[in-house]
Each structure stands twice: as C-alpha cells, then as structure tokens.
Amino acid sequence: MAASATSKLLVSDIASVVDHVPSNYVRPVSDRPNMSEVETSGDSIPLIDLQDLHGPNRANIINQFAHACSSYGFFQIKNHGVPEEIIKQMMNVGREFFHQSESERVKHYSADTKKTTRLSTSFNVSKEKVSNWRDFLRLHCYPIEDFIHEWPSTPVSFRKVTAEYATSVRALVLTLLEAISESLGFVKDRISNTLGKHGQHMAINYYPPCPQPELTYGLPGHKDANLITVLLQDEVSGLQVFKDGKWIAVNPVPNTFIVNLGDQMQVISNDKYKSVLHRAVVNSDKERISIPTFYCPSEDAMIGPAQELVNEEEDSHAIYRNFTYAEYFEKFWDTAFATESCIDSFKASTA
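From a predicted model like this one, the values you see are computed outputs, not experimental measurements. (Residues numbered from 1 in each chain as written. Predicted model: local features only at pLDDT ≥ 70, side-chain atom pairs only at ≥ 80, totals over all residues. Heavy atoms only, no water.)

## Some points on the packing of helix H4 (residues 84–99) against helix H7 (residues 158–183)
Any two packed helices are characterised by the angle at which their axes cross and by the distance between the axes. Applied cut-off: In this analysis an axis means a line fitted to C-alpha atoms, helices contributing only their contacting stretch, and an angle means the value between N-to-C directions, from 0 to 180 degrees. Here a strand is any run of E in DSSP of at least two residues, a helix any run of H or I of at least four, and the numbering for each starts at the N terminus. Should an angle fall under 35 degrees it is taken as roughly parallel, and over 145 as roughly antiparallel, whereas 65 to 115 is taken as roughly perpendicular and any remaining angle as oblique. Here is the rule for handedness: rotate from the far helix to the near one, and if that takes an anticlockwise turn smaller than a right angle the crossing is left-handed, while a clockwise turn gives right-handed. Contact criterion: two residues are considered in contact whenever any of their non-hydrogen atoms come within 4.5 Å of each other.
In contact at an axis separation of 9 Å, H4 and H7 are set at 135° when each is read in the N-to-C sense. Here H7 runs oblique to H4, going by the angle between their axes. In this structure, H4 crosses over H7, and the sense of that crossing is left-handed. Where H4 abuts H7, its residues Ile 86, Ile 87, Gln 89, Met 90, Val 93 and Phe 97 lie against Phe 158, Val 161, Thr 162, Glu 164 and Tyr 165.

Okay, structure coming up:
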C-alpha cells in the first residue's frame, strides 16, 4: 500500500491514492460477492402504494403488508408522503458532507460505537478482521433537540436539512408501524407502544469507487438490529437482499424507499415476520450514497414476543426471552458483523 494511504482513517481517502484494494479489505475467496450468481430484482420485490392506506382500500393494503413482511421481510413503498424536495436536499447535503476536505470530515471521526454522532469507516474497526469499503456518518436523531447540537455544522445547511428529513421520515415510520401492527391482527398502536420512548438513528453511507470491487464489500451480509429500516438510495445500484437461497440486486427506483424489517420486529412478531439478510456491493466507476433511517425502541424498552401471539396451550410458545434493547444493541456491536444476526442468543430456553 502506498505510504500515504496507510495513515488515512477513511476509505474514501485511501481510494483516491490506490489502484488496487489494500490487503485488509480483501475477503477470503469463499466470502466474495460472486456477481454472476446475483439476480436482478425486476418486479420480484413487493411495491406497496401508500396512497390508498387511509381510504376504502385500507384492508387490501394491510394484506399487502402482511404478505411482504411474512414472505420477504422487505418491500418498496411509493406515495409515502416524504416531500421530493426534502429527499433531494438530504441526498445533496449528504454528498456535500463527504466531498468536503479530509481535515473537515475527520473532525467527526470516532471508533467509539457508543457515541451518538460519529464519522467512521467499515463497520466496527476495533473488532473486525477484514475491513469494508464504506465510510459512514451516524447520527442519533430522536428527539432531535437532544442531538442536533452534536451534528456537523458544515455544510451550513446540514443540520436544518437533516432535521427536516428525519422528522418527515419518522412520521412515515409511525404510519408503517400502524399498518404492520394491523397486519399482525393488533390494534394499530400496539407496536409503537412497545418501544418505550422510541429511538431513531440515521447513517449516511458513502461507498467510494473501488478498483477491485469483486474482492470486497461495502457491507457484507447482515441483518439489522433495530425494528424497521427505511432506506433512501441514490441512482447507483449496490443493495442486495437474500431471498430463497439467492442474492437479489435491488435497483434504485426514483421517489421510493426500501423498507426492511429488523431483529426487533422478528422478536415482537414471534417469528411471523423475519429480519432480512442484506448486503452492499461496490463498483469501480461511481461513488454510491445510501441513507438508512434505523427506527428502534429506546434503550430501556423491554422487548419480547407480543403476548397476543403466544398461547402455550396451542403450542405457540414464546420463541424469544424478554430483554432490554440496550442489551441487544450492545451484543449487536460486539459481534463484529457476523453474517447472521445475534438474535439466536436471545431465544427462550424452551424454544
């Protein structure tokens, strides 16, 4: 590796000075993104139009949620109510942040996974053996007034735009949670009421062009620890989801979000709905930006299977024990991004 690259904290700054993938980013041969075996999504991913959610067709839309959540664990949504202008501004300000000088960006760098605002690289640099071709800015953003003072102050519009986006996406998430609650046969505020004071995090993921994308990942296969994730993508492909033993490339569709369920939804639904395995691949030509919003319980919230879904007499026992979200989240960051989620370690002893 070039001497100038060894001192760089961020892969975006390494990428600009190398013509090959440094050895610490190279995956074992058995764990590389074999793109020839990846399928293109086409029409295979459910697309739910939220326009009819509050009209006479609500029952039909709720059935679409039930099918998408039980059979896929992920889906796309359109007519979601987040203004197109806010989405455009968020993507622009995220790109502007990563196009700033190295010295400006690294002011926010930290490898401490407990920090509520931090710029970092890969996933968990203190635990992992192989690095990932990704930099990210991670922000806690609910309640906004608790965290906005920590956020970057450059670009100058960053805090205002990000606050507007986070607020708008939170309203969307609450709508999605009502629909998912109903799809499980619950009253619409059932899931929301299990989340304590609620929590919301965002990441702005930056994947620079990679000279040898077949050797590494932006992020390897993983499941999300949180409840539900709403992903905004730019126009560059990179997201892949695992379905029926195959990886499927999820190509970006303008003015839609990708929604995927996380581990907490799998626990609350007692395995009726599944957290989905997904990954990010990189390419040699174009940078890619994705902006996931991670909606989650507050740390003190007690999570476990909904009692309505547990009936010991009918042998529908609780698959998971109860735990606080703080306990789960700590375990998640401690696993160094194992391909499987850490959910199995929270199974009830009788499961």
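## Quick look at the sheet that holds strand E10 (residues 246–249)
Test applied: Strand pairing is assigned whenever DSSP detects at least two bridges linking the two strands.
Taken in spatial order, the five strands make up an open sheet running E1-E10-E9-E12-E7, and their pairing is mixed. Looking at strand neighbours, the two that pair on one side only are strand E1 (39–40) and strand E7 (219–222), the edges of this open sheet. Pairing geometry for E1 and E10, over two bridges, is parallel. If you follow Thr 40 over to E10, its bridge partner there is Ala 249.

## With respect to the packing of aromatic side chains
This is how the line gets drawn: For this analysis, a ring pair means two rings from Phe, Tyr or Trp (six-membered ring only for Trp) whose centres lie within 6.5 Å, classed as stacked if their planes differ by under 30 degrees, edge-to-face if by over 60, and tilted for the remaining angles. Three labels apply to residues, based on accessible area from a 1.4 Å probe with only protein chains included: buried if under 20% of the type maximum, exposed if over 50%, partly exposed otherwise in between. Either the NZ atom of lysine or the CZ atom of arginine qualifies as a charge over a ring when it sits within 6 Å of the ring centre and within 35 degrees of the ring normal.
Taken as a whole, this structure holds 12 aromatic pairs when the rule is applied. Ring geometry for Tyr 72 against Phe 74: centres 5.7 Å apart, planes inclined by 90°, an arrangement best described as edge-to-face. Overall, the relative accessible area of 2% leaves Phe 74 in the buried class. Put simply, the rings of Phe 97, Phe 98, Phe 158 and Tyr 206 pair up and form one aromatic cluster. We note Lys 243 situated over the ring of Tyr 72; from NZ or CZ to the ring centre the distance is 4.6 Å.

## Regarding the UniProt feature "domain: Fe2OG dioxygenase" (unreviewed entry) in the chain
Stated precisely, the cut-off is as follows: UniProt positions are given in the numbering used here, feature names are shortened, and annotations may be inferred rather than shown by experiment.
If you check UniProt for "domain: Fe2OG dioxygenase" (unreviewed entry), the listed places come out as residues 197–297 in our numbering. With 6% helix and 45% strand, residues 197–297 has end C-alpha atoms that lie 7 Å from one another.

## Structural notes on the sheet that holds strand E4 (residues 117–121)
Read from one edge of the open sheet, eight strands run E2-E3-E11-E8-E13-E6-E5-E4, paired in mixed fashion. Of all the strands in the sheet, the pair left with one neighbour each is strand E2 (47–49) and E4. Along the sheet, successive strands turn relative to each other by an average axial angle of 25°, direction set aside. Strand direction decides the pairing type here: strand E3 (residues 74–78) and strand E11 (residues 257–261), joined by four bridges, are antiparallel. Bridge pairing in E11 places Phe 75 opposite Val 259. Against the sheet, helix H3 (residues 58–71) contacts E2, E3 and E11, and its axis sits at roughly 160° relative to E2. Contacts from H7 reach E3, strand E5 (135–140), strand E6 (199–207), strand E8 (228–233), E11 and strand E13 (288–296), with the element oriented near 130° to E8.

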